Amino acid sequence: MRSCVPSLSQAPRALLLFVTALCLASCASLHRGVADGRIESLIARMTVEEKVGQLSLYAPAGEIVGNPQAAHQSAERELADIRAGRITGFFNGQGLEAKRRAQQAAVKESRLGIPLIFAADIIHGFRTVFPVPLGEAASWEPALAERTTRASAEEASSDGFRWTFAPMVDIARDARWGRGVEGAGEDVLLSSRFAAARVRGFQGPDLSRPDAMLATPKHFAGYGAAEGGLDYNTVDLSERTLREVYLPPFKAAIDAGALSIMSAFNEISGIPSNANRALLTGILRGEWGFKGFVVSDYTADEELIAHGFAADGREAAKRAFLAGTDVSMQSGLYMRWLPELVASGEVPMERLDDAVRRVLRVKEKLGLFDAPFRGLEDDPPGTTRYDAAAHQALAREAARRSIVLLKNQGDLLPLSKSGTRIALIGPFAGMSDLFGPWMVFRGQAAPVSIEDALRGALADPSLLSVSRGSNVETALPGGIDAAVAAARAADVVVLSIGESEKMSGEASSRSDIEVPQPQQDLANAIAATGKPVVVLLRNGRALALKQGVRDARAILVTWFLGSQTGPAIADILFGDASPSGRLPVSFPQTPGQVPYYYSHKRTGRPELADHPDLSYRARYIDATNEALYPFGFGLGYAPVRYEALEVGPAQLAWNGTLSVKARIANTGHRDVEETAQLYIGNRAASVTRPVRELKAFRKVNVPAGGATEVEFTLSRRDLEFIGQDLQPTVEPGQFDLWVGPSAVGGLHSTFVLAPG
Ligand code: BGC
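All of these numbers come straight from a predicted model, not from anything done at the bench. (Residues numbered from 1 in each chain as written. Predicted model: local features only at pLDDT ≥ 70, side-chain atom pairs only at ≥ 80, totals over all residues. Heavy atoms only, no water.)

Points about the sheet that holds strand 12 (residues 464-467)
No. 1: Strand order in the open sheet formed by 6 strands is 10-15-14-13-11-12, with mixed pairing between adjacent strands. Each end of this open sheet is capped by a strand with a single partner; those strands are strand 10 (404-408) and strand 12. On average, adjacent strands in this sheet sit at an angle of 15 degrees to one another, irrespective of strand direction.
No. 2: Relative to strand 12, strand 11 (residues 422-425) runs parallel, the two sharing 4 bridges. Bridge pairing links Ile-422 to Leu-464 in strand 12. (Pairing = 2+ DSSP bridges. Helix = DSSP H or I, 4+ residues; strand = E, 2+ residues; numbered from the N terminus. Axes fitted to C-alpha atoms, helices over the stretch in contact; angles between N-to-C directions.)

Right, dumping it as structure tokens:
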């Protein structure tokens, strides 16, 4: 568009700035006007079938992943459908050529020339693989997630994708649920911060930029609360818990600018999310003012039949669409039934137009109408649209910062790079299972294994021996004997054990959250050698650790770290970096404690900290309620001490602020990064409150032998909860406050919120 800023070279600077701002504002509104005009004129010309086409999204023919019941299409039929305007876009298609051909058919060969949109599950990287989202959340650095999602968007957009089905922002409090690996863990505040950061990263500063990707917070809503931690299972949640725990990360994502959202597979208290009008229209549009569109999860509209919520496809389409699901993914149900439902008057034309308008506006914002082939051209050989080396460096940094040190008895870590004989043992020492569960695309940069990285880092690589010891889920004949011999011949064992990529992610819930038995046997046998052991856990969830794993002298949680797994682990093992990750999920003592989360209610008979074995209390008879490693926990390579907590004033005025200060002293000989966490507890309210809630956190450097001050400010808003009337409320009264290194312990104080 031509600039409408006039030339005012002689005008005084202030006037010039004022006029420029005025003109830019009017340019923007002029552009909006032009865009709206284009969309309205299209809607006026579209047939009902073309309108429904804008609401119909598919995986490309021949590339359907997962759910086998989905309708298959042939390539010819697909092209004909594009030309007829019956398809809005595709997801998870490989390669540029096919996308270009499809876009050609849409823009040049269809009646109205509406561009397609190409979507993909870009969950933790595309060519460069970053840590799985749960692992990255262990960094407690939303800004890091913003950078990795930005890098992912740069890579995926240069393969023609402008829409990602991410971030997943579901709170996960049951470690059995496999999809916890895709989110940011159990906590409301941490998840909300990561949700917003990831949206900002994917979308970038301006959606019309060629490297911007439309973000899709998912799965709306409550999906992580599946009964028994079983994927797709029933969710039965109070509206209060839904609003207080499960919805805030979605709200944060939308406030950060997300313009699409994915409705979930699960029902909530009898109403499937995909047809839940109170959720999709009442809360999302009514209360939050969401301007984007809702896309169903994969065939979730058709699944209303299996839920027993719709008798047939016609009813399923009608219920989903009228509830607020604008776009149907993969089932083809809207195309099959909406035209007839509109003709019969059961679905009003205004609802159809509203959904189409939402989709077209987003396509417009992405610049697809003006430049439909942008990102789909082949680059000249030797050129790339992003800095691959910088992304690999970022992957290493992110991986390093995702690692959590749980234990380091006798300062076993860091290891020396010279003179120490290391036995690297376990099924994850080599190239397997480095990426994690969500890599649907080919062509990733080759990852670096732990074995290769350790060899590369050691002064004398011959001091490293490598043995597998066990398969992931089955015993390896002779494996334990060979591993024990290797351990005996070494000074230290690095034991790489845990879960394979297939053991978390979608449809990968586990009924048991321990290290699989054959690897546990391996760990126990290695422990019996008496050699010092460093356990490297590979995991997509919190694990319940026992015996030779739990009792190892050092334990590092390494999740799935992606392309730079090996170098990042080597950086930490050898002390080139100090571990700084903190758990985004509690590690329980036993599998039977799940769902386990720090922010639980007190009950009328809480377990007493100083008498944990007292009976007639809310506790198991065979375990205390403590976590093995609590939420927020993690060590560095130097001890820190929290001291000098100052909270003031003692009475927080209704419209005032509370200042909270503490000092963190590093009593060791190495610099560390510490994540100071502020929790509050509400002593008495008209609705019972959790024992603690995280309200703020700050990651700071604390130099060896030095100290760093942290300061937080709280206000009434931080004390809000969902009241008896299901509205946000704040009540005066007494509060506990802790500042510390995890959800357990910390410096304690109290304050009072004065009445308004
Ligand atoms: C998953 C979504 C995903 C979609 C498309 C579904 O099975 O639940 O998270 O975005 O497939 O791949």
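There is more to say after this.
What to know about the side chain of Asp-174
No. 1: Mapped onto the elements of the fold, Asp-174 is located in the loop between strand 4 (163-164) and helix 7 (188-203).
No. 2: Side-chain polar atoms of Asp-174 contact the side chain of Arg-176, separated by 2.7 Å. (Polar contact = N/O pair within 3.5 Å; in protein donor to acceptor, adjacent residues only side chain to side chain.)

Regarding the sheet that holds strand 21 (residues 707-715)
No. 1: One open sheet holds the 3 strands; their spatial order is 16-18-21, and the pairing between them is antiparallel. The open sheet has two free edges, formed respectively by strand 16 (640-648) and strand 21, since each of these has just one partner strand. Taken pair by pair, the neighbouring strands of this sheet meet at an average axis angle of 20 degrees, ignoring direction.
No. 2: Across 9 bridges, strand 18 (residues 657-666) lies against strand 21 in antiparallel orientation. Looking at the pairing, Ala-662 lines up with Val-710 of strand 21.

Some remarks on the pairing of strand 24 (residues 733-740)
No. 1: Across the 8 residues of strand 24, 6 count as buried, placing the element largely inside the fold.
No. 2: Between the end of strand 24 and the start of strand 25 (residues 747-753), which pair antiparallel, lie 6 residues, with Gly-745 showing a positive phi angle near 75 degrees. (Buried < 20%, exposed > 50% of the residue type's maximum accessible area, 1.4 Å probe, protein only.)

So, the site of the ligand
No. 1: Of all residues adjacent to the ligand, which total 13 residues, the nearest are Asp-121, Arg-179, Lys-218, His-219 and Asp-297.
No. 2: In this structure, Asp-121 approaches the ligand through a side-chain N or O atom, which is 2.5 Å from an oxygen atom.
No. 3: One of the side-chain nitrogen or oxygen atoms of Lys-218 is found 2.8 Å away from an oxygen atom of the ligand. (Near = heavy atom within 4 Å.)

Concerning the nonpolar core
No. 1: Formed by 110 residues in total, the largest nonpolar core has its most connected members in Leu-55, Trp-163, Leu-214, Phe-220, Leu-338 and Leu-360.
No. 2: In terms of residue count, the dominant contributor to this core is helix 13 (residues 333-343) (7 residues).
No. 3: Residues contacting Leu-214, with those up to four places away along its chain left out, are Ile-117, Arg-162, Trp-163, Thr-164, Gln-203, Leu-207, Leu-259, Ser-260, Phe-293, Val-362 and Leu-366. (Core = buried A, V, L, I, M, F, W, Y, C linked by side-chain atoms within 4.5 Å. Contact = heavy atoms within 4.5 Å.)

Description of helix 17 (residues 479-488)
No. 1: Listed in full, the buried residues belonging to helix 17 are Gly-479, Ala-483, Val-484, Ala-486 and Ala-487. Looking down the long axis of helix 17, one finds its buried residues gathered within 160 degrees of arc, a one-sided arrangement. In helix 17, the exposed residues that point more than 90 degrees away from the buried face are Asp-481 and Arg-488. (Arc of directions from axis to C-beta.)

Topic: the environment of Asp-481
No. 1: Structurally, Asp-481 can be placed in helix 17.
No. 2: Among the residues examined, Asp-481 registers a relative accessible area of 60% and is labelled exposed.
No. 3: In this structure the C-alpha to C-alpha distance between Asp-481 and Ala-525, which are 44 residues apart in sequence, comes to 8.7 Å.

A short note on the domain arrangement of the chain
No. 1: Here the domain parsing of the chain yields domain 1 (1-45), domain 2 (398-593) and domain 3 (640-753).
No. 2: For domain 2 versus domain 3, the separation of C-alpha centres amounts to 34 Å.
No. 3: Contacts between domain 2 and domain 3 engage 6 residues on the former and 8 residues on the latter.
No. 4: Buried area between domain 2 and domain 3, summed over both chains or domains, comes out near 590 Å², and the portion from carbon and sulfur atoms is 29%.
No. 5: Close ionic contact of Arg-582 with Glu-674 constitutes a salt bridge, the shortest N to O distance being 2.9 Å. (Domains from an automatic or database assignment. Buried area = accessible area lost by both parts, 1.4 Å probe. Salt bridge = Lys/Arg side-chain N within 4 Å of Asp/Glu carboxyl O.)

A short note on the confidence of the model for the chain
No. 1: Looking at the chain, the pLDDT average stands at 94 and 94% of residues meet or exceed 70.
No. 2: Here residues 1-17 is a poorly scored stretch, pLDDT under 50, and it has 11 contacts once near neighbours within four places are set aside; other chains count. (pLDDT = per-residue confidence, 0-100.)

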